[in-house]
Amino acid sequence: MAKKPKKGGQGTPATIALETAAVAFTVHAYEHDPAAASYGGEAAEALGIAPDRVYKTLVADVDGTLTVGVVPVAGQLDLKALAAAVGGKRAAMADPAAAERSSGYVRGGISPLGQRRPLRTVIDASALGHPTVYVSAGRRGLEVELAPADLIALTKADTAPIAR
């Protein structure tokens, strides 16, 4: 997989972080439908890939600390499992405005890469079963494909079974 050259306006903090790290990745753009019920489901369908390879980035509040959970779009974030993975007791979904402020991205386009304020991140262990996975490239309608090991390294993530 080779780096895809930047095309007009596709550079985001996520793709810049990938370029800076010199890891192999591919950017996949699709026409975002504002009426789509699920951003991740829309990406999988638009790109013609299995939903278990597309991962959504969710921001949760674990014991008062914003924490990122990255799980397949076909599943849900298990908040108890996320809390346990980071040694916490309680987790709840973060306030969307707080997630946007912290990450620098808008809901539906939050990437685990290139966040304004990098947060502790846990990636569902299922990602390790794929040669590449897709995550938001930092904008609705834009995904980045990369090796799970690179995603883990760049986000300094832990892996744990946090999806259900």
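Residues numbered from 1 in each chain as written. Predicted model: local features only at pLDDT ≥ 70, side-chain atom pairs only at ≥ 80, totals over all residues. Heavy atoms only, no water.

**As for the confidence of the model for the chain**
Per-residue confidence for the chain gives a mean pLDDT of 90; residues scoring 70 or more make up 94%. In the model, residues 1-9 has pLDDT below 50 throughout and makes 19 contacts with residues more than four positions away in sequence or in other chains. (pLDDT = per-residue confidence, 0-100. Contact = heavy atoms within 4.5 Å.)

**Digging into the pairing of strand S3 (residues 65-72)**
Extensive coverage of S3 is indicated by the burial of seven of its eight residues. Of the pairings in the sheet, the one linking strand S2 (residues 55-62) to S3 comprises eight bridges and is antiparallel in character. Within the sheet, the bridge partner assigned to Thr57 lies in S3 and is Val70. In sequence, S2 turns back onto S3 through a hairpin of two residues, with Asp63 there showing a positive phi of about 50°. Across four bridges, S3 lies against strand S5 (residues 120-124) in parallel orientation. (Buried < 20%, exposed > 50% of the residue type's maximum accessible area, 1.4 Å probe, protein only. Helix = DSSP H or I, 4+ residues; strand = E, 2+ residues; numbered from the N terminus. Pairing = 2+ DSSP bridges.)

**Quick notes on the sheet that holds strand S1 (residues 25-29)**
Spatially, S1-S7-S6 is the arrangement adopted by the three strands of the open sheet, whose pairing is antiparallel. Two strands bound the open sheet, and with one partner strand each, they are S1 and strand S6 (133-139). The mean angle between the axes of side-by-side strands here comes to 30°, regardless of whether they run parallel or antiparallel. As paired elements, S6 and strand S7 (residues 142-146) share five bridges and run antiparallel to each other. Counted as the bridge partner of Tyr134 is Glu145 from S7. Across the sheet, helix H1 (residues 13-21) lies against S1, S6 and S7, angled at about 160° from S1, the strand it touches most. (Axes fitted to C-alpha atoms, helices over the stretch in contact; angles between N-to-C directions.)

**Considering the nonpolar core**
Membership of the largest hydrophobic core comes to 27 residues, with the highest contact counts inside it found for Val59, Val135 and Val144. Of all the secondary structure elements, the ones that give two or more residues to this core are H1, S1, S2, S3, S6, S7 and helix H5 (148-155). Apart from residues lying up to four places away in sequence, Val144 is in contact with Leu18, Phe25, Thr26, Leu113, Val133, Tyr134, Val135, Ser136 and Ala137. Membership of the second largest hydrophobic core comes to 11 residues, among which are Val71, Leu82, Ala83 and Val86. (Core = buried A, V, L, I, M, F, W, Y, C linked by side-chain atoms within 4.5 Å.)

**Considering the layout of surface pockets**
For the largest pocket, the calculated volume is near 530 Å³. Tyr39, Lys56, Thr57, Leu58 and Gly108 are the residues nearest the centre of the largest pocket, which is lined by 28 residues in total. Those elements that provide at least two residues to the lining of the largest pocket are helix H2 (39-47), S2, helix H4 (96-103), S6 and S7. Per element, the largest residue contribution to the lining of the largest pocket is five residues, and it comes from S2. (1 Å grid on protein atoms, 1.4 Å probe; cavity = no way out; pocket = protein on both sides within 12 Å on 5 of 7 lines; lining within 4 Å. Points joined across faces, edges and corners; volume = space filled by probe spheres on them.)

**With respect to the side chain of His130**
Checked against the element boundaries, His130 lands in the loop between S5 and S6. According to the relative accessible area criterion, His130 is buried, its value standing at 15%. A polar atom in the side chain of His130 sits 3.2 Å from the backbone oxygen of Asp52. Apart from residues no more than four positions distant in its own chain, His130 is found in contact with Asp52, Arg53, Tyr55 and Pro148. (Polar contact = N/O pair within 3.5 Å; in protein donor to acceptor, adjacent residues only side chain to side chain.)

**Concerning the sheet that holds strand S8 (residues 158-160)**
Pairing between the strands of a sheet comes from backbone hydrogen bonds, and it takes one of two forms, parallel or antiparallel. Read across the open sheet, the five strands follow the order S4-S2-S3-S5-S8; overall the sheet is mixed. Here the strands that pair on one side only, and so sit at the sheet edges, are strand S4 (91-93) and S8. Averaged over all adjacent pairs, the angle separating strand axes in this sheet is 35°, with direction ignored.

**Description of H1**
An α-helix turns once every 3.6 residues. As a result, residues three or four positions apart point the same way. Those residues of H1 that sit buried are Ala14, Thr15 and Leu18. Looking straight down H1, one finds its buried side chains confined to an arc of 95°; they lie on one side. The inward-facing, buried residues of H1 abut S1, S6, S7 and H5. With its phi angle positive at about 60°, Ala22 sits one or two positions after the end of H1. (Arc of directions from axis to C-beta.)

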